[in-house]
Amino acid sequence: MAKSNNGNGYLGVTEPISLSGPTEKDIVRTQEVEKCLSDAGLYESQEEAVSREEVLGKLDQIVKAWIKKATRAGGFGEQFVQEAIAKIFTFGSYRLGVHGPGADIDTLCVGPRHATRTEYFFQALYEMLADMPEVTELHPVPDAHVPVLKFKLNGVSIDLLYANLTHVVIPEDLDLSHDSILYNVDEQTVRSLNGCRVTDQILRLVPNILTFRTTLRFMRFWAKRRGVYSNVIGFLGGINWALLVARICQLYPNASPSMLISRFFKVYSKWKWPNPVMLCHIQEGSLGLPVWDPRRNFRDRGHHMPIITPAYPCMNSSYNVSVSTRHVMVQEFTRASDICQAIDESKADWDALFEPYPFFELYRNYLKIEITARNEDDLRNWKGWVESRLRTLVLKIERFTREMLLSHPNPRDFLDSTRPLHCFYFMGLWKKQTSQAQEAEQYDIRAIVNEFKSNIHAYQHWREGMEIEVSHVKRKDIPSFVFPGGIRPSRPSRTIGKEAHTVSRSKISATVQERNVLSTTQPAPYKSSEVNRIPSDPHGDYHSQERTNTVASSLLCEETGHMLNGYANLHSESVELEHLGSYKESTSAPENHVAHDLVKPPESMPPNSTNVYQSPTNGLGHLLDSSCKKAADIIVNKTTNFSSAVLAVPDEFDELDSHQVKVNQKNLIAVDQGLSLEHEAGSNGGKTGTTSSPGNNHMKRKAVEELEVSFPSYLNTFYFFRLQLHTMVLLSLL
Ligand SMILES: Nc1ncnc2c1ncn2[C@@H]1O[C@H](COP(=O)(O)OP(=O)(O)OP(=O)(O)O)[C@@H](O)[C@H]1O
Ligand SMILES: [Mg+2]
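For every chain, the first residue of the written sequence is number 1, and numbering continues from 1 onward in sequence order. Working convention: letters from A go to chains and numbers from 1 go to ligands, in the order in which they are written. Given that the model is predicted, a residue must reach a pLDDT of at least 70 before its local features are reported, and side-chain atom pairs must reach 80 or more before they are shown or counted; all residues, however, enter totals for whole chains, interfaces and linings. To obtain the side-chain values, all non-hydrogen atoms of the structure were included, while hydrogens and water were left out.

The name an unreviewed UniProt entry gives the chain is polynucleotide adenylyltransferase, with Oryza meyeriana var. granulata as the organism. UniProt positions are given in the numbering used here, feature names are shortened, and annotations may be inferred rather than shown by experiment. In the Subcellular location (unreviewed entry) part of its UniProt record, the chain is described as follows: "Nucleus". For the record of the chain, the UniProt heading Sequence similarities (unreviewed entry) holds the text "Belongs to the poly(A) polymerase family."

Rendered as structure tokens:
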């Protein structure tokens, strides 16, 4: 590996999973992937690329002219004016090299101390741009979290941020990667600089930029086709996909894009959220800026799918994700992982991954959000506002129904050609499959919807005519304008394999507007095809994942003495929210979890719990033979550099390289946060020269599959170290 960020010869917070490179077959598959991307028109033409570069050159000239003009107008001496410069940097998808034709360019203008944001940037530069005929659609957004000037220059869309540095003179060779650049600047500047610093860090932290780019292009396209590309709605946006792909590149540094794509889906379909995805360790930094830290920050504990940015101050880039949207995404990862396996077996091709998401066929109940305004300008602004708030409706429904009723917001907006100045959003509703009693429960969400509507009406720039209506529609009543060509498709064939999260038979009841209470039944499950395998209980994974997180949370509560409603949430089957933080809840964990057997006792541990914490493997007693127990002990004791780890037997996992197997820890390898790869039992490839009986293996596997360990914070630089031992300790180890 060429690059290393930690002196250990690898990039990332853990060792790679595999150093394997592509086989002949993988190389062919990668060519197919590239063709797929090219056929989909995802690469811009040479002319367009040149035109973008010209536009960027022009923008650089504009800001250089602007800073001199504005400095002179500010009454500074001629010498000072001559020395005053501003610089343009690019970031986002353009800088990463994954933008498509027609994409906008994210740019940052860096100016010296005297060039203030309000007077110089949003006033002087704005006026200058407004006077230029080549600049169109100029739209300043000074009050945004990250203030921005939006415009088109020679037809190319530009988002221009501003960093007002403390430098008296901006050096030509300014390097934004040094943390000192953040010293004494305002918050908006920190946030504006973050885009460039994060993008550059990503490029530094991936082992191979070319494979990263191809894989990311593929993933962005896939996410858009499957309706999970949108940060604002609560799915993931450009930065999130980039970080997720970058982590996979670190874990498989020599893999080709076709390999990375299938590993991507495999890894993230198994990831134990809310364990964070990180490209490097979170640095505290010397400037005292807040970094993502659920131990200290209450808000960070509520993040469901943390994907941490790699530049100081490290933040969670995916705070908009909710339980509902995460669930949709995990199901999508699972579906895609199955398809990748079929592709590998030559039973499917890449196009199968890109089948459009059949959103309006999947649920029995939808919410229709109808937006109107008096003119196009108002409608655009109003729509932007409503879109940015839709995720709050998702959250409200989740909270109100204690996460029993979940929603699936469609990131697309829809127009009805017969009704100008109208725009529509839709959300699918579904109920979690649980006990019969809960299934019968009905939810009246009128109050929630009304609250949402009044929040929407509190829009700062509200104008007469801006209205919103939210109504419940059944699938059969979905208006035909949402379908391609305005033609409602006939009922989907039940023999076609479909989306896993639609197969709940449970009844949902959503009451909005015109109806008091309605109760409908979810569609019968579609039969699975070979490619789209549907689990018999589509929410089974979901439950077990939530429960695992809950257990971990309760343990973490013990440790920190805090209540973690973010992680623990209301959907726990066995741990009530109000019990969190007390000793009781950790002992009320489900029986099939032995997690608390493996936890270091907190200081305040009650006397009756002493047997619980004696040994990391205590409690597995009859299930593990002594060598297995010892092996788990080793991992627990040695794995202090991982926030969580997977214990695996290399023979069981074809991608573990034998060189990673250490003497005395022969069959063990630690992988990082939340990564829990399933292993098939019974294999004894003999790399380690050990033997085992399949029956015995099976019993042990069942017993220790869900073994979870939480570490107290003092063990390492990161605060909660969870060792998740999803193990199959099959063989005699030592
Ligand atoms: N939620 C966020 N957290 C941290 N940084 C963000 C966030 N959203 C955007 N950014 C920064 O702004 C940059 C541009 O964001 P943007 O949403 O335009 O993504 P992008 O990668 O350019 O994808 P797209 O092609 O969709 O524009 C990102 O690369 C990132 O550095
Ligand atoms: Mg962008």
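A word on the site of ligand 1
Working definition: residue near molecule or strand if any one of its non-hydrogen atoms lies within 4 Å of it. Not every one of the 14 residues close to ligand 1 is listed here, only the nearest: S93, D106, R220, Y229 and S317. Within the backbone of G195, one N or O atom sits 3.3 Å away from an oxygen atom of ligand 1. Here ligand 1 has 590 Å² of accessible area as a free molecule, and 75% of this is covered by the chains. In this classification, the charged set is Asp, Glu, Lys and Arg, the nonpolar set is Ala, Val, Leu, Ile, Met, Phe, Trp, Tyr, Cys and Pro, and all remaining amino acids, among them Gly, are polar. Classifying every residue of the shell around ligand 1 gives four nonpolar, seven polar and three charged. Segmentation into domains, and thus their bounds, comes from an automatic or database assignment. Built from parts of two domains, the shell around ligand 1 gets at least three residues from each of domain 1 (9-40 + 206-356) and domain 2 (45-205). Definition of a polar contact: a pair of N or O atoms within 3.5 Å, with one able to donate and the other able to accept a hydrogen when the atoms are protein atoms, and with sequence-neighbouring residues admitted only if both atoms are side-chain atoms. The Shrake-Rupley method, run with a 1.4 Å probe, gives the accessible areas here. Residue values count only the displayed protein chains as cover.

A closer look at the UniProt feature "domain: Poly(A) polymerase nucleotidyltransferase" (unreviewed entry) in the chain
Mapped onto this numbering, the UniProt entry gives "domain: Poly(A) polymerase nucleotidyltransferase" (unreviewed entry) at residues 12-206. The helix count covers DSSP runs of H or I at least four residues long, the strand count covers runs of E at least two residues long, and both are numbered beginning at the N terminus. End-to-end, the C-alpha atoms of residues 12-206 are 9 Å apart, and along that stretch the chain is 45% helix and 17% strand.

Details of the packing of helix 1 (residues 24-39) against helix 7 (residues 209-225)
Axis angles are defined between N-to-C directions and span 0 to 180 degrees, where every axis is a line fitted to C-alpha atoms and, for a helix, only to the segment in contact. Viewed as axis vectors pointing N to C, helix 1 and helix 7 meet at an angle of 55°, and their least axial separation amounts to 10 Å. Classified by the angle between their axes, helix 1 and helix 7 sit oblique to one another. Note on packing geometry: the crossing formed by helix 1 with helix 7 is left-handed. In this structure, helix 1 uses V33, E34 and L37 to contact helix 7, whose residues at the interface are T214, R217 and F218. Roughly parallel covers angles under 35 degrees, roughly antiparallel covers those over 145, roughly perpendicular covers 65 to 115, and oblique covers all other angles. Each crossing gets its handedness from the near helix: less than a right angle anticlockwise from the far helix is left-handed, clockwise is right-handed. Residue contacts are counted whenever heavy atoms from the two residues lie within 4.5 Å of one another.

Examining the nonpolar core
To qualify as a nonpolar core, a set must consist of buried Ala, Val, Leu, Ile, Met, Phe, Trp, Tyr and Cys residues joined through side-chain atoms within 4.5 Å. Exposure categories follow from relative accessible area, calculated using a 1.4 Å probe and restricted to protein chains: below 20% of the type maximum is buried, above 50% is exposed, and the middle band is partly exposed. Residues F212 and W241 are the most contacted members of the largest nonpolar core, which totals 90 residues. No other element matches helix 8 (residues 238-251), which puts nine residues into this core. When residues no more than four places from it in sequence are discounted, the contact partners of W241 are L216, M219, W222, A223, V228, Y229, L236, F264 and F333. In this structure, I67, A86, Y94 and L125 belong to the second largest nonpolar core, which totals 30 residues.

Focus: the pairing of strand 3 (residues 135-141)
In this sheet, strand 4 (residues 148-153) lies alongside strand 3 in antiparallel orientation, the contact comprising five bridges. Among the inter-strand pairings, H139 is bridged to a residue of strand 4, identified as K150. Count of turn residues in the strand 3/strand 4 antiparallel hairpin: six residues. At least two DSSP bridges between two strands are required for those strands to pair.

Section: the pattern of salt bridges
We define a salt bridge as a side-chain nitrogen of Lys or Arg found within 4 Å of a carboxyl oxygen belonging to Asp or Glu. Within this structure, the stated rule accounts for 30 salt bridges. R191 serves as the salt-bridge partner of E187, at 3.4 Å between the closest nitrogen and oxygen. Separated by four residues within a single helix, E187 and R191 lie in helix 6 (residues 187-205), roughly one turn from each other. According to the relative accessible area criterion, E187 is exposed, its value standing at 56%.

Describing the domain arrangement of the chain
Here the chain is partitioned into domain 1 (9-40 + 206-356), domain 2 (45-205) and domain 3 (359-486). For domain 2 and domain 3, the distance between their C-alpha centroids amounts to 37 Å.

A few points about the UniProt feature "transmembrane region" (unreviewed entry) in the chain
Per the UniProt record, "transmembrane region" (unreviewed entry) is annotated on residues 228-248. End-to-end, the C-alpha atoms of residues 228-248 are 19 Å apart, and along that stretch the chain is 52% helix and 0% strand.

Concerning the packing of aromatic side chains
Only rings of Phe, Tyr and Trp enter the pairing, Trp through its six-membered ring, and a pair is recorded when the two centres are within 6.5 Å. The plane angle decides the type: under 30 degrees is stacked, over 60 is edge-to-face, the rest tilted. All chains considered together, the criterion is met by 34 aromatic pairs. The interplanar angle of 85° and the centroid separation of 5.4 Å between the aromatic rings of F264 and F265 together place this pair among those described as edge-to-face. The two residues F264 and F265 agree in class, both being buried. A centroid spacing of 6.2 Å and a plane angle of 45° characterise the contact between Y268 and F333, whose relative ring orientation is tilted. Separated by 65 residues along the polypeptide, Y268 in helix 9 (residues 257-270) and F333 in helix 10 (residues 323-344) bring together distant segments of the chain. Assigned by exposure class, Y268 and F333 land together as buried. Ring pairing ties together the aromatic residues W222, W241, F264, F265, Y268, W271, W273 and F333, which thus form one cluster.

Observations regarding the side chain of T71
Its place among the elements puts T71 in helix 2 (residues 46-73). Aside from chain neighbours lying at most four places away, what touches T71 is F76, F80, V81, A84, H114 and Y120.

Details of unusual backbone geometry
Of the consecutive residues W273 and P274, the connecting peptide bond is found in the cis state with omega at 10°. For the peptide bond that leads from Y312 to P313, omega is -5°, which places it in the cis range. Turning to its location among the elements, P313 is positioned in the loop between helix 9 and helix 10. Non-glycine residue N154 carries a positive phi angle of around 50°. Mapping N154 onto the fold places it in the loop between strand 4 and strand 5 (156-164). For S346, which is not glycine, the phi torsion reads 60° and is therefore positive. Its location among the elements puts S346 in the loop between helix 10 and helix 11 (359-362). Its relative accessible area of 59% is what places S346 among the exposed residues.

Concerning the packing of helix 8 against helix 9
The axes of two packed helices give the description: the angle between them and the distance between them. The interhelical angle for the contact between helix 8 and helix 9, taken along N-to-C directions, is 105°, at an axis separation of 10 Å. As far as their axial angle goes, helix 9 and helix 8 are roughly perpendicular. Residues W241, L244, V245, R247, I248 and C249 of helix 8 form the contact with helix 9, whose participating residues are L260, R263, F264, V267 and Y268. Considering only residue class, the contact of helix 8 with helix 9 consists of nine nonpolar, no polar and two charged.

Re the sheet that holds strand 10 (residues 467-474)
Judged by pairing direction, the sheet is antiparallel, and its four strands sit side by side in the order 7-8-6-10 without closing on themselves. With partners counted over all chains shown, the strands left at the sheet margins are strand 7 (405-409) and strand 10, one partner each. Across the sheet, the axes of successive neighbouring strands diverge by a mean angle of 25°, strand direction being ignored. Where strand 6 (residues 365-372) lies against strand 10, eight bridges are found, and the strand directions are antiparallel. For E370, the partnering residue across the bridge sits in strand 10 and is E469. Here helix 10 sits on the sheet and contacts strand 7 and strand 8 (422-431); the angle it forms with strand 7, its principal contact strand, is near 65°. Strand contacts of helix 12 (residues 376-400): strand 6, strand 7, strand 8 and strand 10, with the helix running at about 10° to strand 8, the strand carrying the most contacts.

Looking at the sheet that holds strand 1 (residues 87-91)
Strand pairing in a sheet is mediated by backbone hydrogen bonds. Such pairs are either parallel or antiparallel. Overall, mixed pairing links the five strands, which are arranged 1-2-5-4-3 in an open sheet. Strand pairing shows two members of the sheet lacking a second neighbour, strand 1 and strand 3, which therefore form its edges. The sheet shows a mean angle of 25° between the axes of neighbouring strands, direction not considered. Sheet topology note: the strand 1/strand 2 (residues 105-111) ladder contains five bridges and is antiparallel. For F89, the partnering residue across the bridge sits in strand 2 and is L108.

With respect to the pairing of strand 2
A large share of strand 2 lies buried, amounting to seven of its seven residues. Side chains I105, T107, C109 and G111 project from strand 2 onto one buried face, and the interleaved D106, L108 and V110 project onto a second face that is buried too.

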